[in-house]
There are 2 protein chains.
Amino acid sequence: MKGFLSFIMLWLISKKAMTGTDIALEIKKRKGTKPSPGTIYPALKYLRNKGLIKVNQKKTYTLTRAGKKELESQLNFFFGTFCDLDEMKACCKSLKQQNKRYI
Amino acid sequence: MKGFLSFIMLWLISKKAMTGTDIALEIKKRKGTKPSPGTIYPALKYLRNKGLIKVNQKKTYTLTRAGKKELESQLNFFFGTFCDLDEMKACCKSLKQQNKRYI
DNA sequence: CTATTTTTATTGGATAACCGATAACTATAT
DNA sequence: ATATAGTTATCGGTTATCCAATAAAAATAG
């Protein structure tokens with residue numbers, strides 16, 4: 001299960017201005033694995049080149065207006081693709097019960 | 001925004017037994033783009049080789065028990081990574097308003 | 001002000017994801 | 001039985017994703 005990295009990064013940055021390390025740590029908290037610098041910084045550079053984020057003297061990244069528009073579009077795409085989130089959540093719980101019985 | 005394909009496929013198959021074409025059409029409905037046969041069938045083969053899905057005479061795919069466990073684990077991962085879905089949804093709406101003003 | 005550590009960033013390369021083109025198989029019709 | 005249409009599947013190659021290793025820059029300590 002790969003991808004979605006730049007989407008998550010845009011989302012995190014939109015919530016709060018963050019440094020590269022901040023982002024890596026927040027992703028670790030969510031996914032369990034901390035992305036390496038070789039993952040984070042090229043992604044930040046890519047987003048910067050596309051004009052979606054900007055960085056200040058403190059190495060803190062924030063969204064540009066274009067970044068906000070891009071995030072909006074990606075959020076729409078996300079909720080379109082996962083249009084049955086409630087069902088997914090319910091399934092998640094019921095599967096947990098089912099699988100328990102067969103261990 | 002790539003990836004997540006096999007996750008979506010497991011999820012769709014778990015809801016209803018499906019053929020390759022069924023899956024492609026459902027993904028088209030959600031994402032807008034219909035994945036090509038060269039995307040769908042290798043992915044199905046991969047999942048079959050891993051013992052996560054099985055296929056019957058009618059070319060209809062269903063989850064195996066291992067597939068259900070795998071789906072559970074991926075659902076947990078998904079909701080762990082996107083632990084703030086409500087916030088994302090709210091942001092999606094408010095961004096739509098903000099961006100409108102600047103067109 | 002130098003040395004050390006920490007953070008930020010780049011590079012090269014390995015792997016995975018994906019598609020276009022094409023082939024094989026199935027089903028239906030003639 | 002043969003042709004046609006549609007579905008299922010494979011293959012080769014392109015691009016994207018991601019990491020390990022390394023370098024550069026910044027912060028902190030001595």
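Residue numbers restart at each chain and count upward from 1, following the sequence in its written direction. Whichever chain is written first is A, and whichever ligand is written first is 1; the rest continue in order. Totals for whole chains, interfaces and linings use all residues, but because this is a predicted model, local features are given only for residues with pLDDT of at least 70 and pairs of side-chain atoms are given and counted only at 80 or more. Derived side-chain values reflect all non-hydrogen atoms in the structure, with water molecules and hydrogen atoms excluded from consideration.

**Digging into the overall build of chain A**
Within chain A, the secondary structure is distributed over five helices and two strands. Comment: elements are numbered from the N terminus, with helices defined as DSSP H or I runs of at least four residues and strands as E runs of at least two. Moving toward the C terminus, one meets the helices and strands of chain A in the order α-α-α-β-β-α-α. The quantity called the radius of gyration is restricted to C-alpha atoms. Its globule counterpart is 2.2 Å times the number of residues to the power 0.38. Here the C-alpha radius of gyration of chain A, 17 Å, is well above what a compact globule of 103 residues would show, namely 13 Å. If one aligns the C-alpha atoms of chain A with their principal axes, the spans along those axes are about 55 × 30 × 20 Å. Expressed as a percentage of its 103 residues, the buried residues of chain A come to 41%. Residues count as neighbours in contact if any of their non-hydrogen atoms are within 4.5 Å of one another. At a minimum sequence separation of 6, the contacts of chain A that also span at least 24 residues come to 43%. Here chain A displays about 5900 Å² of accessible surface, and carbon together with sulfur accounts for 53% of that area. Taken as two groups, the 22 positive and 7 negative side-chain charges of chain A have centres that lie 10 Å from each other. The cut-offs for exposure are 20% and 50% of the maximum accessible area for each residue type, with area from a 1.4 Å probe on protein chains only; residues under the lower value are buried, those over the upper are exposed, and the others partly exposed. Values of accessible area rely on a 1.4 Å probe in the Shrake-Rupley scheme; residue burial ignores everything except the protein chains shown. Positive: Lys, Arg. Negative: Asp, Glu. His and the chain ends are not part of the count. To locate a charge, the coordinates of NZ of Lys, CZ of Arg, CG of Asp or CD of Glu are taken.

**Description of the relation of the copies chain A and chain B**
Between chain A and chain B, which share one sequence, the superposing operator has a rotation angle of 180° and an axial displacement of 0.0 Å; the RMSD is 0.1 Å. The operation mapping one copy onto its partner corresponds to a two-fold rotation axis. The overlap is high: 100% of the interface residues of chain A also sit at the interface in chain B, so the same surface is used on both sides. The copies were overlaid with a least-squares fit restricted to C-alpha atoms from residues scoring a pLDDT of at least 70 in each copy.

**Let's talk about the pattern of salt bridges**
The term salt bridge refers to a side-chain nitrogen of Lys or Arg lying within 4 Å of a carboxyl oxygen of Asp or Glu. Applying the stated criterion across every chain yields a total of 10 salt bridges over all chains. A salt bridge links Arg30 of chain A to Glu26 of chain A, with the shortest nitrogen-to-oxygen separation between them at 2.9 Å. One end of the pair, Arg30 of chain A, and the other, Glu26 of chain A, are both in helix α2 (residues 20-31), four residues apart, so they sit about a helical turn from each other. Taken as a pair, Arg30 of chain A and Glu26 of chain A share a single burial class, namely buried. Across the pair Asp84 of chain A and Arg30 of chain B runs a salt bridge whose closest N-O atoms are separated by 2.6 Å. On the criterion of chain membership, the pair formed by Asp84 of chain A in the loop between α4 (65-81) and α5 (85-101) and Arg30 of chain B in helix α2 (residues 20-31) is interchain, its members lying in two chains. As far as burial versus exposure is concerned, Asp84 of chain A and Arg30 of chain B are alike and both buried.

**Considerations on the packing of aromatic side chains**
To pair, rings of Phe, Tyr and Trp, with the six-membered ring standing in for Trp, must have centres within 6.5 Å; the planes then decide the type, stacked if under 30 degrees apart, edge-to-face if over 60, and tilted in the middle. Taken as a whole and assessed by the stated rule, the structure comprises 18 aromatic pairs over all chains. Look at Phe7 of chain A and Phe82 of chain B: their rings are 6.0 Å apart centre to centre, the planes differ by 40°, and that puts the pair in the tilted class. Of this pair, Phe7 of chain A sits in helix α1 (residues 5-15) while Phe82 of chain B sits in the loop between α4 (65-81) and α5 (85-101), which puts the two residues in different chains. Aromatic pair Phe78 of chain A and Phe82 of chain A: ring centres 5.2 Å apart, planes at 55°, arrangement tilted. Looking at Phe82 of chain A, the relative accessible area reads 3%, which means it is buried. A network of ring pairs unites the aromatic residues Phe4, Phe7, Phe78, Phe79 and Phe82 of chain A together with Phe4, Phe7, Phe78, Phe79 and Phe82 of chain B as a single cluster.

None of this, on its own, says anything about what the molecule does.
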